[in-house]
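# Tertiary structure, described
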Amino acid sequence: MAKVTLIHATWCTACPATRRFWKDLKTEYDFEYEEIDVETPEGQALIEKHGIVGVPTTLIDGEPAFTGLPKKADAIARIT
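In what follows, the accompanying structure is described. (Residues numbered from 1 in each chain as written. Predicted model: local features only at pLDDT ≥ 70, side-chain atom pairs only at ≥ 80, totals over all residues. Heavy atoms only, no water.)

## Some words on the nonpolar core
Rules: In these notes, a set of buried Ala, Val, Leu, Ile, Met, Phe, Trp, Tyr and Cys residues joined through side-chain atoms within 4.5 Å is what counts as a nonpolar core. Only protein chains enter the accessibility calculation, which uses a 1.4 Å probe; a residue whose area is less than 20% of its type maximum is buried, one above 50% is exposed, and one in between is partly exposed. Labels follow the DSSP assignment, with helices taken as runs of H or I lasting at least four residues and strands as runs of E lasting at least two, numbered in each case from the N terminus. Two residues qualify as a contact provided that any one of their heavy atoms is within 4.5 Å of a heavy atom in the partner residue.
Membership of the largest hydrophobic core is limited to 12 residues, which are Ala2, Val4, Leu6, Phe21, Trp22, Leu25, Phe31, Ile60, Phe66, Ala75, Ile76 and Ile79. Mapped onto this core, the elements with two or more residues apiece are strand E1 (3–8), helix H1 (15–28) and helix H3 (72–79). With sequence-adjacent residues up to four places away left out, Leu6 is seen in contact with Thr18, Arg19, Trp22, Tyr33, Glu34, Glu35, Ile36, Pro56, Thr57 and Thr58. Judged by nonpolar contacts, the second largest core, of 11 residues, contains Ile7, Ile36, Ile47 and Ile52.

## Observations regarding the pattern of salt bridges
Counted only if it meets this: Counted as salt bridges are all cases of a side-chain nitrogen of Lys or Arg within 4 Å of a carboxyl oxygen of Asp or Glu.
The tally for this structure, following the rule as stated, stands at four salt bridges. Put simply, Glu35 and Arg19 hold a salt bridge, and the shortest N to O gap is 2.6 Å. One end of the pair, Glu35, is in strand E2 (residues 32–37); the other, Arg19, is in helix H1, with 16 residues separating them in the sequence. For Glu35, a relative accessible area of 25% corresponds to the partly exposed category. Accessibility expressed as a relative area gives 29% for Arg19, which makes it partly exposed. Between Lys23 and Glu35 there is a salt bridge, and its shortest N-O distance comes to 3.7 Å. Of the two residues, Lys23 is situated in helix H1 and Glu35 in strand E2; the sequence distance between them amounts to 12 residues. On the accessibility criterion, Lys23 (43% relative accessible area) is partly exposed. Overlapping salt bridges, with partners in common, bring together Arg19, Lys23 and Glu35 in one network.

## Observations concerning the side chain of Thr5
In this fold, Thr5 is placed in strand E1. Assessed through its relative accessible area of 6%, Thr5 is described here as buried. In this view, Thr5 contacts Glu34, Ile36, Leu46, Thr57, Thr58 and Leu59; residues no more than four positions away in its chain are not counted.

## Notes on the pairing of E2
In plain terms, the rule: We call two strands paired when DSSP finds no fewer than two bridges between them. For a crossover, the right-handed case is the one in which the path from the first strand over the helix to the second runs clockwise, viewed with the strands pointing away from the viewer.
Alignment of E1 against E2, held across six bridges, turns out to be parallel. By the bridge assignment, Lys3 is partnered in E2 with Glu32. Crossover handedness for the path E1 to H1 to E2: right-handed.

Shown next as structure tokens:
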């Protein structure tokens, strides 16, 4: 089962739509899902580890997969 981690920020204008996107997809597909705020120590650690320069960034199984709002077909292909 895929694990999706969304790195987001309260000040990010694209993040709410991306959060809704993954939550909606979670109702259709079985995968682990978590959200991490970029301002938290855990968020900062992920930013440094992966060299992330923008939010929202989606990690799938611990690796960066998407920056911004993914296309639905691409997201489904990565989690199934």
